[in-house]
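Each chain, letter by letter, is given below.
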Amino acid sequence: MIAPRLLLALPLAFTLTCYAQTQTPAAPNVTPPETPTQSNLPKDPPLNPALPTLFIVGDSTARNGADLGWGDHFAPLVDTARINVANRARAGRSSRTYINEGWWQKVLAEIKPGDTLLLQMGHNDGGDLGGAKPRGTLKGIGDETKDVPQTAGPLAGQTETVHTFGWYLRQMIDQAKAKGVHPILLTLTVRNIWTPGPDGKPHIERDMGYTAPIDQVAAQEHIPVVDLSTIEADRLQALGPDATAPLFPKDHTHSSAEGATLIAHDVATAIRNAHLPIASYLKPE
């Protein structure tokens with residue numbers, strides 16, 4: 001185990017890890033959960049153009065409904081007199097569909113030099129490549145592609161060239177860099193899935209198969225990766241299955257408002273642990 005595994009933020013010195021040389025394991029074949037309703041999403045408040053902005057890009061674990069994603073609970077942990085917090089996560093999106101549906105282009109139109117991008121994708125990348133809900137990506141981080149005829153979504157009636165999970169992440173990272181933005185990759189929120197461990201006790205799932213490719217892309221791109229998964233898993237493991245269950249009232253992926261608040265605090269802790277420059281904007285614990 002690499003200690004610490006967190007890579008340093010630009011412009012701090014970067015150290016390549018052995019992840020760049022490892023083979024990407026296949027992500028488990030787990031169907032992503034249904035997309036929560038977004039009919040009651042709050043409107044995005046205007047950003048102060050005089051301040052830098054922390055943009056959160058992700059899926060429903062960061063934003064769904066009103067108040068049910070960790071991204072909606074992150075701003076209170078930040079000194080917003082010094083930096084904007086813009087939650088641009090969108091429920092049901094994978095790295096592929098966040099780009100294909102134009103959400104990423106909208107973020108690109110907002111970001112400016114000196115901003116920070118906190119990027120967390122993966123929960124929906126294990127979905128189907130085609131069919132009624134085409135949002136999955138190919139496993140891995142390479143340049144492999146697959147041509148998939150589409151019958152639904154924005155590319156219905158066309159044949160789409162689908163890329164790997166890592167390829168889509170790199171598109172967003174490289175385009176953010178080109179605008180003078182500092183990208184940070186964030187490992188995934190933990191699902192409420194428990195299995196017996198070697199000690200005979202229940203252990204919570206710590207990785208649904210995307211930690212290694214996230215680390216590998218960070219190494220390729222010379223950007224930091226913040227390990228939220230371990231911090232959240234440690235907290236939930238200490239609670240145990242019974243106390244964890246109320247924090248996931250809908251399914252094993254989507255947290256309650258209370259759970260989202262706790263995850264937001266985990267994100268802040270992970271950023272502090274990584275000694276990233278963005279940590280200077282966090283309020284004291």
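Everything numeric in this text was worked out from a predicted model, so none of it was measured.

1. Things to note about the sheet that holds strand β2 (residues 84-87)
At step 1: Read across the open sheet, the five strands follow the order β2-β1-β3-β6-β9; overall the sheet is parallel. Among the strands making up the open sheet, the edge pair consists of β2 and β9 (225-226).
At step 2: With four bridges joining them, strand β1 (residues 53-57) and β2 adopt parallel strand pairing. Paired with Ile56 across the two strands is Asn87, which belongs to β2.
At step 3: Seen against the sheet, helix α4 (residues 211-221) touches β6 (182-186) and β9 and runs at an angle of roughly 160 degrees to β6.

2. A short note on the pattern of salt bridges
Working definition: two side chains of opposite charge can pair if their charged atoms are close together.
At step 1: One pass over the full model with this rule turns up 14 salt bridges.
At step 2: Across the pair Arg88 and Glu110 runs a salt bridge whose closest N-O atoms are separated by 2.9 Å. With Arg88 in the loop between β2 and α1 (95-100) and Glu110 in helix α2 (residues 103-110), this residue pair connects regions lying 22 residues apart in the sequence.
At step 3: Of the charged contacts, one joins Arg206 and Asp234 as a salt bridge, the two residues approaching to 2.8 Å between their closest N and O atoms. Taken together, the residues Arg206 in the loop between β8 (202-204) and α4 and Asp234 in helix α5 (residues 228-239) connect sequence positions 28 residues apart.
At step 4: The exposure class of Arg206 is partly exposed, given its relative accessible area of 38%.
At step 5: Each of Asp44, Arg63, Asp72, Arg88 and Glu110 takes part in one network of salt bridges that share partners.

3. Here we look at the side chain of His123
At step 1: Inspection of the secondary structure puts His123 in the loop between β3 (116-119) and β4 (146-149).
At step 2: Polar contacts involving the side chain of His123 include one to the side chain of Thr189, which spans 2.8 Å.

4. Quick look at unusual backbone geometry
At step 1: Positive phi, normally seen in glycine, also occurs at His222, with a value near 55 degrees.
At step 2: Here His222 shows up in the loop between α4 and β9.
At step 3: The phi dihedral of His275 is positive, around 55 degrees, even though this residue is not glycine.
At step 4: In this fold, His275 is placed in the segment after α7 (257-273).

5. A word on the environment of Thr195
At step 1: Following the sequence through the fold, Thr195 ends up in strand β7 (residues 194-196).
At step 2: A relative accessible area of 45% means that Thr195 is categorised as partly exposed.
At step 3: When the C-alpha atoms of Thr195 and Glu205 are compared, they prove to be 7.4 Å apart, with ten residues separating the residues in sequence.
At step 4: Not counting residues within four places of it along the chain, the set of residues in contact with Thr195 comprises Lys201, Pro202 and His203.

Criteria and cut-off values
Throughout this document, residue positions are counted from 1 along each chain, in the order its sequence is written. Residue-level local features of this predicted model are given only where pLDDT is at least 70; pairs of side-chain atoms are given and counted only at 80 or more, and the full residue set underlies all totals for whole chains, interfaces and linings. Working from all heavy atoms in the structure, the side-chain values ignore hydrogens and water. At least two DSSP bridges between two strands are required for those strands to pair. Secondary structure elements are defined from DSSP: runs of H or I of at least 4 residues count as helices, runs of E of at least 2 residues count as strands, and each element is numbered from the N terminus. When checking whether two residues touch, look at their non-hydrogen atoms; a contact exists if any pair is within 4.5 Å. Axis definition: a line fit to C-alpha positions, over the contact stretch in the case of helices; interaxial angles, taken between N-to-C directions, run 0 to 180 degrees. What counts as a salt bridge is simple: a side-chain nitrogen of Lys or Arg found within 4 Å of a carboxyl oxygen of Asp or Glu. The classification of residues rests on relative accessible area computed with a 1.4 Å probe and restricted to protein chains. Under 20% of the type maximum is buried, over 50% is exposed, and intermediate values are partly exposed. As used in this structure description, the phrase polar contact means that two N or O atoms lie within 3.5 Å; if the pair is within protein, one of them must be able to donate a hydrogen and the other to accept it, and residues adjacent in sequence are counted only when both atoms belong to side chains.

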